[in-house]
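What the coordinates show
Listed here are the chains, written in short residue letters.
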Amino acid sequence: MSLPLLLSVFAIPTISIPFVYLAGKKSTKAAAGFVAAIALINIALLAMTIPAIQGADHFYKETYEWIPQLSGTEFALYVDGISVSIAMISLVLIFVAALYSVNYMAGKKNLPVYYALLCMLSVGLIGVFLTSNMILFYFCWELMLVPAYFIVGEWGYRNSYKSALKLFIFTHAGAVFVLLGIGATYWLTGTTDMLSAQGILATAANSEIAKWILIALTGGFAVKMAVFPVHMWLPDAHSEAPAPMSALLSGVIISAGAYAILRLSFGMVFPSVGLSFGTYFLYALSIIGVVTAFFGSLLSLVANDIKRVIAYSSIAHMGYTMFGLSLFPAALASGNPVALASPIALAIVGTVLHIITHAASKGLFFLTAGGVMHQTEKRDIREMGGLASKMPFSTVSGMIAALSIAGAPPLACFISEFFIFMGAFQIIQSPGGAFYIIPTALMLIATVFSLAYSLRFISKVFFGQFKEEQGAVQVAHDAHGSQSQPEAPVTESHGHRIVDIPNYMKAALAILVVLVVLIGIYPTFFVQLIQTVTFGAVA
Amino acid sequence: MMLEEFSAWFVWIIPLIASLFVPVIGKYSEKARNYFVIAIAGIVGVLALSLVPSVWSGEGEAITYTIPWISGFVEAGVYIDSLSVLFTCLVAFFALIIAVYSQGYMKGEEGLTRYYYLLLLFIGSMIGLVISDNMLQMFIFWEMVGLCSYALISFWYKKPESIHSGVKVFIMTRIGDIMLLAAIAILFYMFGTFSFHGVIEGLQSGVFNTELMVITAFLVLGGAVAKSAQFPLFTWLYSAMEAPTSVSALLHAATMVKAGIYLLSRFILIFAAAPALIVALQPYWFPTISWIGVITAFIGATLGLMTTDIKGVLAYSTVSQIGFMMAGLGTAMAHTTDVAMSTGWFASLFHMVSHAFFEGLGFLLAGGIIHALGTRDMRLMGGLKKAMPLTFALMIIMIVTTSGLPPFAAFFSKGLILTSVMDAGSLIQTILIFAATAITFAYCIRMFSLVFMGKPSEHISKIHVHEAPKIMLVPAAILAALCIVWGIAQPYIASFMHIELEHTLLGAFTSAETPIFLLLLLPAFLLAYASYYKNFMGIRKIAAGKNPLTAILNHAYFIDDLYYGIAKGINGFSAALTRFENALFAHIPDKVGSDISDAAAPGHVMTLKKGPSDSFRNYVAAAVLGFILIMVLIVLTVGFGGI
């Protein structure tokens, strides 16, 4: 294959950033269209790599000379079944976010900059999934953070810069550990390529250092995943961000942490840590996963801020993802390759699928919540209710999102959780798997809680009596004039009739609704791609 | 494509796809939408019936058809045997009955497009559930009928009780769902397949872990108990009565609530592939089912004596009658390892159908009464005999059938269950189940007296009571006719199910349990008669008063209070956890963060937000420019030589 497919995926949005800005100067719609078009083109380009992935090699690679002085560091672009699937769903979310922003961000300041930042975010985000070079990976990893910081800060709600700063500092602190891990790997192996590093690590006798590398990398990525107890940046950042950014943050950016654990922790370091350490490491991950899932679900059950409910549910779902990762076949730790097509690795297929299904569902959830906030100008779910009659479209999409998050079939998240649980029982029966009986039982119980908070959300927001008088109360309260706050949402339109969301937002939601239902019924496309991957095979 | 293959696929795919068209058609014409739904229900009925001949003439072997689905994991498929076809026909028949009945009952309601959409979605899912060839597909539909149930219970989404009940029902049944999921996972691990055939072949080969299979069987039972509203998870069915009555008739009497019975009878069939497994299950698993069954039958019947909600009586009656079916399944394999020789297995399914007829009839009639009176409270009824003569006449058939009087349907079906329980040999179970039959008669008479006899209440005298419209009475009359004749069909159904039944129709009159049963009805009748017509010993006063017995019955044995207590505890814990989170994970980092940033650049964060946006633009412009520079450098160093 001689077409520079992956390089184009990188280069097109990069080159376009100033043009998006210039287009935005003329018309913000044009800028949004520009970003959306780039995402579509990139999806098409990525789709062209699929034949190679389904072929004999199971990967698609392009390398270009980059920094030869750094022991031959190449600009290595590499996709396999896992990364191409996650990259594609990320691009879908970028596309949807751009479309959604046309209505949602209308009337805000500095929109050309917003769209340029969105374009820039897509470079970093996609770059993470597209490379096998650790330096390039780290570069993209940090690159995600810069536009995220500005978007949350400038276009967010309430104390947005404080939340943005929290996001930046926490994930940056995590990234320091990642850098440490990458540096140590380079020092140990003399290469910056993940694939060759894995081979060298496996033969090197320094498994003690490999253990520390594993912990540093996983710990760093766990901060991005916002698992307990390093989750504290997430509820603020996700709830204060503008809705499209919340959707991206919760949908794919935190899941990038899970992807990175798969790619670097498991794909690179894990095969050389030895069976006993590897087993305990996995046990630890599964405890973290269970605690996180319960923590997030329980907090979501009593949260009253519409976006905090969803943000805590993201934490809970990162718990599921972490639990899924912990079900990695421990055999890999002793250097045995693990093919995802084998039944023992069912949970890992499920975990990757969960990253995808959660991205679509949570994106839909946040965008719907954003639409509700946009139209009602409220964010406390106790003040809402009865929106089903006023906003039927949002109600349908909100219910589909909430029920998917709750794991109700035939929606997307069900099928991935099903894979994870099927895999869990496979692992339980394997040597050393008896440990997983209790975590698995607890995770099954946690699904009851996720159903509970999802139904609570639906009941409070969409069902019940429509509370028209609430606006009047708010206005009357403000008229007393004692505590009117400048940051509080404007109350002018409370007296107005509440109508459903505008058309661009509807279109954006419709795409995700279709995706959530479609993946739920027919996940085969992604499953086939994911199953082509083999961990631990020496390249 | 063979006819039955075509039918087996489309009997559930057509309603699922048609449901998507309901909103589209509903936009243009409400009338067209209603006819469309009836037409689809009719087509489903025809397709379901077309499955009957091949199963009847077959040897009892299941036929499966599969198509690719999730590669390397599971294939989608349909599984045609007498059990699945029996359920399919029942669901299809009731779908048609309810589709017609709804035209009258739901007339003039808001949100009917949603109602009919969910109705078709439910029909497709329910048939999909019983005709699935593998456990994943079955589980998906299992959850989807729960979803439809949730959405239909919350149909009047503005009423707080509807919302509350919907959530309660969904969450309580989810507890069973996770057990079923675990069972499926274990089976998948053991046999490497989700398909029933695969599991049966695995069991036949004899290579399986018996202990693990027993655990699996208990998990399956957990799923069935929650779905079929059995002790101790039966309280949701009473709450589910917030649904429109047509929905209660279809979901919570005739079909969905029987999914647990389907599941157990299906798995008994599967387990029977390995006689050794049945032997392993005989000491604990089967007795557990029959205990749950008889306890539920008894509890449900006693609760039916107390509730003042007319639908509540029917709900508890359903709980109790499903308890009978469970008792039948639990005693099915007491003396045999072959399902074809089992009275209990057949009795349970036979009673399942007759229950669908008489309880469905009860709900349809109750719907007419609620429609006319605007209330579900039986204390506000009374003396309806004159105002609603047709309903009155049909209700007599319903009462007689429910009580199991000869020669109506339940006499034969319930009689078989009693025989099976007696044969199994547990004295306490036998006593409990006979007590339940007696109480059944009592609560039937109580309901009947409160609603139709006596003087009209004040509430009734204030409104003009009208007989239910024809479109609601005709479906009820059809069910009433079936109540009368269904019992006589017993030999044909047995041959359809490929069961070798020792008991003949006439044998039902002469067998040992019939005189006991009839004798027991007498005191029940006398007691009910004495209390509701003669006010003997002030029983009604005692029942209305406060004493330990009424406290237990009014609180449904305090089981719901226990669940609410748990839910409250979880909520309280979550609230405490939130305070902990705010203190430890939000407040402290914020404090530290602001101290540091104050020390580094006083007021930095705030000025950035409050400052003019121009400065912000400069910031971002600088950042973007830097980024572009870096990217340009990268592109330059990369060079395009490699292409």
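What counts, and where the lines are drawn
Residues numbered from 1 in each chain as written. Chains lettered and ligands numbered in written order. Predicted model: local features only at pLDDT ≥ 70, side-chain atom pairs only at ≥ 80, totals over all residues. Heavy atoms only, no water. Helix = DSSP H or I, 4+ residues; strand = E, 2+ residues; numbered from the N terminus. Buried < 20%, exposed > 50% of the residue type's maximum accessible area, 1.4 Å probe, protein only. Contact = heavy atoms within 4.5 Å. Areas by Shrake-Rupley, 256 points an atom, 1.4 Å probe, with all protein chains shown as cover. Pairing = 2+ DSSP bridges. Salt bridge = Lys/Arg side-chain N within 4 Å of Asp/Glu carboxyl O. Patch = residues over 30% accessible without salt bridge, like charges linked within 9 Å, V, L, I, M, F, W, Y side chains within 5 Å. Buried area = accessible area lost by both parts, 1.4 Å probe. Polar contact = N/O pair within 3.5 Å; in protein donor to acceptor, adjacent residues only side chain to side chain. Nonpolar A, V, L, I, M, F, W, Y, C, P; charged D, E, K, R; others polar. Expected span 1.5 Å × (residues − 1). Disulfide = S-S within 2.5 Å. Core = buried A, V, L, I, M, F, W, Y, C linked by side-chain atoms within 4.5 Å. pLDDT = per-residue confidence, 0-100. Phe/Tyr/Trp six-rings, centres within 6.5 Å; stacked < 30°, edge-to-face > 60°. Lys NZ or Arg CZ within 6 Å of the ring centre and 35° of its normal.

Attention shifts here to the overall build of chain B. For chain B, the count of helices and strands is 30 helices and 2 strands. A burial count over chain B gives 59% of its 643 residues as buried. Restricting the contact set of chain B to residue pairs at least 6 apart, pairs at least 24 apart contribute 81%. As displayed, chain B offers around 24,500 Å² of accessible surface, 70% of which is attributable to carbon and sulfur atoms.

Counting buried positions along strand S2 (residues 73-80) of chain A yields 7 of 8 residues, so the element is predominantly enclosed. What sits between strand S1 (residues 59-67) of chain A and S2(A) in their antiparallel hairpin is a turn of 5 residues, with A:Ser71 showing a positive phi close to 40 degrees.

With that settled, the discussion passes to the pattern of salt bridges. Applying the stated criterion across every chain yields a total of 13 salt bridges over all chains. With a shortest N-O distance of 2.6 Å, A:Lys166 and A:Asp236 are connected by a salt bridge. A residue pair is termed long-range when its members are at least 10 positions apart, and A:Lys166 in helix H7 (residues 160-189) and A:Asp236 in helix H10 (residues 233-240) qualify at 70 residues. Taken individually, A:Lys166 and A:Asp236 each receive the classification buried, so the pair is uniform in this respect. Salt bridges sharing partners connect three or more residues here, namely B:Lys159, B:Glu242, B:Asp309 and B:Arg376.

A separate point is a nonpolar patch on the surface. A contiguous nonpolar surface patch, about 580 Å² in accessible area, is contributed by B:Ile17, B:Leu20, B:Phe21, B:Val24 and B:Tyr28. Residue position: B:Leu20 is located in helix H1 (residues 3-28).

Let us look at the interface of chain B and chain A. Across the boundary between the two partners, chain B contributes 61 residues, which contact 85 residues of chain A. Where chain B abuts chain A, roughly 6,500 Å² becomes buried across the two surfaces, and 76% of that area is made up of carbon and sulfur atoms. Counting the contacts that link chain B with chain A gives 0 salt bridges. Our count for the chain B to chain A interface comes out at 10 residue pairs in polar contact (both at pLDDT 80 or more). For the side of chain B that touches chain A, the elements supplying multiple residues, two or more each, are strand S1 (63-70), helix H6 (135-153), helix H7 (160-191), helix H28 (559-600), helix H29 (604-610) and helix H30 (613-638) of chain B. Per-element accounting of the side of chain B that touches chain A gives the leading share, 14 residues, to H30(B). For the side of chain B that touches chain A, the per-class residue count stands at 46 nonpolar, 8 polar and 7 charged.

All names here are of chain A. With 14 residues, helix H16 (residues 392-405) should reach 20 Å at 1.5 Å per residue; the first-to-last C-alpha distance of 20 Å fits that figure. Within H16, 11 of the 14 residues are buried, which leaves the element mostly enclosed by the surrounding structure. Immediately beyond the C-terminal end of H16, within one or two residues, lies Gly407, with a positive phi of roughly 80 degrees.

Turning next to the state of the cysteines. This model, assessed by the stated rule, comprises 0 disulfides over all chains. For the unlinked cysteine B:Cys444, the closest cysteine sulfur is that of B:Cys483, found at 12 Å.

A cis amide bond, omega 0 degrees, links A:Phe228 with the succeeding residue A:Pro229. Tracing the sequence through the fold places A:Pro229 in the loop between helix H9 (207-225) and H10. The peptide bond linking B:Phe231 to B:Pro232 adopts the cis configuration, its omega dihedral lying at 0 degrees. Tracing the chain through its elements places B:Pro232 in the loop between helix H9 (210-227) and helix H10 (235-239). For A:Glu377, which is not glycine, the phi dihedral falls at a positive 55 degrees. As for its placement among the helices and strands, A:Glu377 is situated in the loop between helix H14 (346-376) and helix H15 (387-390). You can call A:Glu377 partly exposed: its relative accessible area is 25%.

Residues A:Phe266, B:Phe73, B:Leu136 and B:Leu203 are the most contacted members of the largest nonpolar core, which totals 471 residues. By residue number, the principal contributor to this core is helix H16 (residues 343-373) of chain B, which donates 19 residues.

It is worth spelling out the confidence of the model for chain A at this point. Summing up the model confidence of chain A, the mean pLDDT is 86 and the portion of residues at 70 or higher is 93%. Note on residues 470-495 of chain A: pLDDT is under 50 here. Beyond four places in sequence and across chains, it has 12 contacts.

Inspection of every chain in the model, using the stated rule, returns 62 aromatic pairs over all chains. Considering the side-chain rings of A:Phe59 and A:Tyr78, the 5.4 Å spacing of their centres and the 25 degrees angle between planes classify their relative orientation as stacked. Taken together, the positions of A:Phe59 in strand S1 and A:Tyr78 in strand S2 put the pair 19 residues apart, joining distant regions of the chain. Given the relative accessible area of 10%, A:Tyr78 is considered buried. Taking the centre distance of 5.8 Å and the plane angle of 85 degrees together, the rings of B:Phe93 and B:Phe94 count as edge-to-face. Judged by its relative accessible area of 27%, B:Phe93 falls in the partly exposed class. Feature note: the residues A:Phe414, A:Phe418, A:Phe419, B:Phe73, B:Phe139, B:Phe188 and B:Phe194 constitute an aromatic cluster, connected by ring pairs. Lying over the aromatic face of A:Tyr104, A:Lys108 brings its terminal NZ or CZ to 5.3 Å of the ring centre. Seen from the ring of B:Phe196, B:Arg266 lies directly overhead, with NZ or CZ sitting 5.4 Å from the centre.

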